[in-house]
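# Summary of structural features
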Amino acid sequence: MDKEKVGKFYDVVWTEYIPEYPATEEHWGIFYNTEEFEGKNILDAGCGTGIFSIIFANHGAGKVTGIDISEGSLGTARSMKEKFHLTNAEFEQQDMLNLPFADQSFDIVWAWGTVHHTTDPYRAISQLIRVLKPGGSLLLAVYTRTKLTFVHEIIRKILVHTPKRSWTFLSKVMAVFLSPVVFFFKKREKSRKGEKLEELILDWYFVPIRHYYTPEEIRDFLEKQGFEIEKFLPASGRFNSTSNFIFKARKPASRQ
Ligand SMILES: C[S@@+](CC[C@H](N)C(=O)[O-])C[C@H]1O[C@@H](n2cnc3c(N)ncnc32)[C@H](O)[C@@H]1O
């Protein structure tokens, strides 16, 4: 099943990878100020190795629940929790498409780079909306569809059909060929500390499920649910990445 494939993929690709804390913390600070999350109940949906959960918890969130389908990534997230001596973060293996939480459970739902890896991103967003309290805040970072998306998709769709045991080797070969391009743009080295180019390639071109949207599509979807867009960034800024756009949006106070 595609969902399990994604979980297994991230068990391998992200388990060792923890985004750099200070750079991620600085970037995270763009979205929430202390009053918004202090003492609050937060869901980090598709938490991966847990960096954002840890940052929320470390800055005084009431309770953070990080969920992911990748047990390997969750293991790393739990080690981070120990390392930071946090008691206000929990990590659970859950599917974003079938969240086990009651309606209106969370003050903030944070989903960075995750809904587009599910089989049904709009269903995932609907689940996130369901568990968000009226007046609560939703943050979504979603892959941007561009004119070049179809090229990336052709490459990805070919590569995901190659034998799994060759993926690391293929990523390394591609890294050799792509490193001059990366060097030319000089983006990755100064921002993606801790992640090698071949790992980035593995994450980008070998992931089993990947959807892309325009900001307008996601904006329309949120506005139809009555959400008010509070912040929009056309590119994430995290790692200088132009691959994601971000919406911070508020659920209407009176809506279920
Ligand atoms: C690119 S990683 C992002 C991790 C984290 N949000 C971050 O920014 O550091 C995407 C994550 O989404 C998770 N994911 C994909 N489909 C999921 C699903 N249906 N339910 C829960 N997590 C899912 C993957 O396992 C992976 O850890």
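Residues numbered from 1 in each chain as written. Predicted model: local features only at pLDDT ≥ 70, side-chain atom pairs only at ≥ 80, totals over all residues. Heavy atoms only, no water.

## Brief notes about the environment of Met96
Along the chain, Met96 turns up in the loop between strand 3 (89-93) and strand 4 (106-112). With relative accessibility at 8%, the residue Met96 sits in the buried group. C-alpha separation for the pair Met96 and Ile125, spaced 29 residues apart in sequence, amounts to 8.6 Å. Aside from chain neighbours lying at most four places away, what touches Met96 is Ala45, Gly46, Ile67, Thr114, Val115, Thr118, Ala124, Gln127 and Leu128. (Helix = DSSP H or I, 4+ residues; strand = E, 2+ residues; numbered from the N terminus. Buried < 20%, exposed > 50% of the residue type's maximum accessible area, 1.4 Å probe, protein only. Contact = heavy atoms within 4.5 Å.)

## Overview of the site of the ligand
The environment of the ligand is formed by 20 residues, the closest being Gly46, Asp68, Asp95, Met96 and Trp112. Residue Gly46 places a main-chain N or O atom 2.8 Å away from a nitrogen atom belonging to the ligand. In the environment of the ligand, an oxygen atom lies 2.6 Å from a nitrogen or oxygen atom belonging to the side chain of Asp68. Listing elements by their share of the shell around the ligand, those giving two or more residues are helix 1 (2-13) and helix 4 (51-58). Class assignment for the residues of the shell around the ligand results in nine nonpolar, eight polar and three charged. (Near = heavy atom within 4 Å. Polar contact = N/O pair within 3.5 Å; in protein donor to acceptor, adjacent residues only side chain to side chain. Nonpolar A, V, L, I, M, F, W, Y, C, P; charged D, E, K, R; others polar.)

## A word on helix 5 (residues 71-83)
Over its 13 residues, helix 5 runs 18 Å from end to end, which matches the ideal 18 Å to within 8%, given 1.5 Å per residue. Restricting attention to buried positions, one finds in helix 5 the residues Ser73, Leu74, Thr76, Ala77, Met80 and Lys81. For helix 5, the angular spread of the buried residues around the axis is 160°, confining them to a single face. Facing away from the buried side of helix 5, by more than 90 degrees, are the exposed residues Glu82 and Lys83. His85 occupies a position one or two residues after helix 5 and carries a positive phi of about 55°. (Expected span 1.5 Å × (residues − 1). Arc of directions from axis to C-beta.)

## Considering the sheet that holds strand 4
Two pairing modes exist for strands in a sheet, parallel and antiparallel, and in both the strands are linked by backbone hydrogen bonds. In space, the seven strands of this open sheet follow the order 3-2-1-4-5-7-6, with mixed pairing throughout. Strand pairing shows two members of the sheet lacking a second neighbour, strand 3 and strand 6 (228-233), which therefore form its edges. Geometrically, the sheet is characterised by an average inter-axis angle of 15° between neighbouring strands, direction not taken into account. Sheet topology note: the strand 6/strand 7 (residues 244-250) ladder contains five bridges and is antiparallel. Along strand 7, the bridge assignment pairs Phe232 with Phe247. Along the sheet, helix 5 contacts strand 2 (63-68) and strand 3; its crossing angle with strand 3, the most-contacted strand, is approximately 170°. (Pairing = 2+ DSSP bridges. Axes fitted to C-alpha atoms, helices over the stretch in contact; angles between N-to-C directions.)

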